[in-house]
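The residues making up each chain are set out below.
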Amino acid sequence: MDINGAVVLVTGASSGIGAATARAASRAGARVVLIARREERIQQLAEELGESVALAVPCDVTDQSQVETAVQAAIERFGQIDVLVNNAGQGLQAAVDAIDPDDFRAVLELNLLAPLVTTQAVLPHLRKRPAGAIVNVGSGIIWSTLPGSGAYSASKAALQKLSAIARAELADEGIAVSMMFPSITETEFLGKVHGNVEDARQMEAASGLVPQSPEGAADMILGLIRSGAEQADLVPEKFGGTLNS
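A brief report on the enclosed structure follows. (Residues numbered from 1 in each chain as written. Predicted model: local features only at pLDDT ≥ 70, side-chain atom pairs only at ≥ 80, totals over all residues. Heavy atoms only, no water.)

1. Examining the pairing of strand β3 (residues 54–58)
In terms of residue burial, β3 counts as a mostly covered element, since 4 of its 5 residues are buried. Pairing geometry for strand β2 (residues 31–36) and β3, over 5 bridges, is parallel. Its bridge partner being in β3, A36 is matched across the sheet by P58. (Buried < 20%, exposed > 50% of the residue type's maximum accessible area, 1.4 Å probe, protein only. Helix = DSSP H or I, 4+ residues; strand = E, 2+ residues; numbered from the N terminus. Pairing = 2+ DSSP bridges.)

In structure tokens:
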């Protein structure tokens, strides 16, 4: 689909891949709806992009009522939603016998249930458009078997399966559901994981991977919106992806 003139709603838009995606979409001519909990961050980004084409809506995407209010705010401002980018997410680093069930529930709420709830909230509006796109941001970690990553990997593997089935269900309605699989990316993600942050840092360092820019991931997300392809990744081949390294 054509991004120019589209309304693109991005969750987790206060930093990292989310903020980079909002900037890239805006450069491509889209109007953007910035969804995140950190109101000051997204308001600054809206001012940067231009408040006539960017709307900042503070929202905890694990709260269904807040999601519905945010979607309604987008419709009231722009009259439509054409694209949803489910980017908000959080990690959890712990061995299986040390996973805190409350931490796991929190990660599942944000990484799996929130994309479902946000998708359900925007679908009535996507169905009114000639075409629509949903891009769910996963993680290339699902193709590796890394000790300590079980809970996080499980949440992202479940999101991949949910996305694949949603793609099959919505294809005849002109709505393309795609998955983006980043690799290690230069964001605030690592410092905010649940569980053992130091173990997460050591696992990342041991991988030998050079962190990629969030702008590179954003470009891939825009490519998925345009093409409607099932998935794209920035993961080296030796880790299960398609990136030549």
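That covers the picture; the talk isn't over yet.
2. Thoughts on the packing of helix α4 (residues 101–126) against helix α5 (residues 150–170)
The N-to-C vectors of α4 and α5 enclose an angle of 15°; their axes lie 8 Å apart at closest approach. Between α4 and α5, the angle is such that the two are roughly parallel. The chirality of how α4 crosses α5 is right-handed. Facing F104, V107, L108, N111, L112, P115, L116 and L123 of α4, the residues of α5 in contact are A151, Y152, A154, S155, K156, A158, L159, L162 and L170. (Axes fitted to C-alpha atoms, helices over the stretch in contact; angles between N-to-C directions. Parallel < 35°, antiparallel > 145°, perpendicular 65-115°, else oblique. Left-handed = near helix turned anticlockwise from the far one by under 90°. Contact = heavy atoms within 4.5 Å.)

3. Observations regarding the packing of aromatic side chains
Counted by the stated rule, this structure contains 1 aromatic pair. Summarising the aromatic geometry, the rings of W143 and F181 are spaced 4.7 Å apart at their centres and angled 45° between planes, so their arrangement reads as tilted. Remark: F181 occurs in strand β7 (residues 175–181) and W143 occurs in the loop between β6 (132–137) and α5; sequence separation between them is 38 residues. Overall, F181 belongs to the buried group, its relative accessible area being 1%. We note R77 situated over the ring of F78; from NZ or CZ to the ring centre the distance is 5.7 Å. (Phe/Tyr/Trp six-rings, centres within 6.5 Å; stacked < 30°, edge-to-face > 60°. Lys NZ or Arg CZ within 6 Å of the ring centre and 35° of its normal.)

4. Some thoughts on a nonpolar patch on the surface
Among the surface-exposed residues, L113, L116 and L162 lie close enough to one another that they form a single nonpolar patch of about 200 Å² accessible area. Structurally, L113 is set in helix α4. (Patch = residues over 30% accessible without salt bridge, like charges linked within 9 Å, V, L, I, M, F, W, Y side chains within 5 Å. Areas by Shrake-Rupley, 256 points an atom, 1.4 Å probe, with all protein chains shown as cover. Salt bridge = Lys/Arg side-chain N within 4 Å of Asp/Glu carboxyl O.)

5. A look at the environment of L209
Within the secondary structure, L209 sits in the loop between α6 (197–207) and α7 (214–227). For the pair L209 and T185, spaced 24 residues apart in sequence, the C-alpha to C-alpha distance is 9.6 Å. Each residue touching L209, except ones within four places of it in the same chain, is listed here: S183, I184, P236 and F239.

6. Points about the sheet that holds β6
In a beta sheet, neighbouring strands pair by backbone hydrogen bonds and run either parallel or antiparallel. Reading across the sheet, the 7 strands line up as β3-β2-β1-β4-β6-β7-β9 and stay open at both edges, with parallel pairing between neighbours. Edge strands, defined here as strands with exactly one partner in the open sheet, are β3 and β9 (231–233). Each adjacent strand pair in this sheet contributes to an overall mean axis angle of 15°, direction not counted. Docked against the sheet, α4 engages β1 (7–11), β4 (83–86), β6 and β7, running at close to 175° with respect to β4.

7. Quick word on the pattern of salt bridges
Counted according to the given criterion, the structure contains 4 salt bridges. Residue E48 pairs with R23 through a salt bridge whose shortest N-O separation is 2.7 Å. Of the two residues, E48 sits in helix α2 (residues 39–49) while R23 sits in helix α1 (residues 16–27), which places them 25 residues apart along the sequence. Given the relative accessible area of 48%, E48 is considered partly exposed. Note that D102 and R105 form a salt bridge whose closest N and O atoms lie 2.9 Å from each other. With D102 and R105 both in helix α4 and 3 residues apart, the pair spans about one turn of that helix.

8. Overview of the environment of L45
Locating L45 in the fold gives a position in helix α2. In this structure the C-alpha to C-alpha distance between L45 and R23, which are 22 residues apart in sequence, comes to 8.5 Å.

9. Some remarks on the environment of A19
Note on placement: A19 falls in helix α1. Here A19 falls in the buried class, since its relative accessible area comes to 6%. Counting along the chain gives 195 residues from A19 to P214, while the straight-line C-alpha distance between them is 8.5 Å. The residues touching A19, leaving out its near neighbours within four places in the chain, are G12, A13, S14 and L45.

10. With respect to the nonpolar core
One broad rule of soluble globular proteins: the nonpolar side chains tend to lie buried together. If you look at the biggest cluster of nonpolar residues, it comprises 34 residues, and the most contacted ones within it are V8, V32, L34, V85, M180, I221 and I225. The set of elements that each furnish at least two residues to this core consists of β1, α1, β2, α2, β3, β4, β6 and α7. Leave out the neighbours within four places in its chain, and V85 touches V8, L9, V10, T11, T21, V135, V137, I221 and I225. Of all hydrophobic cores here, the second largest spans 29 residues; its members include I81, L126, I134 and L170. (Core = buried A, V, L, I, M, F, W, Y, C linked by side-chain atoms within 4.5 Å.)

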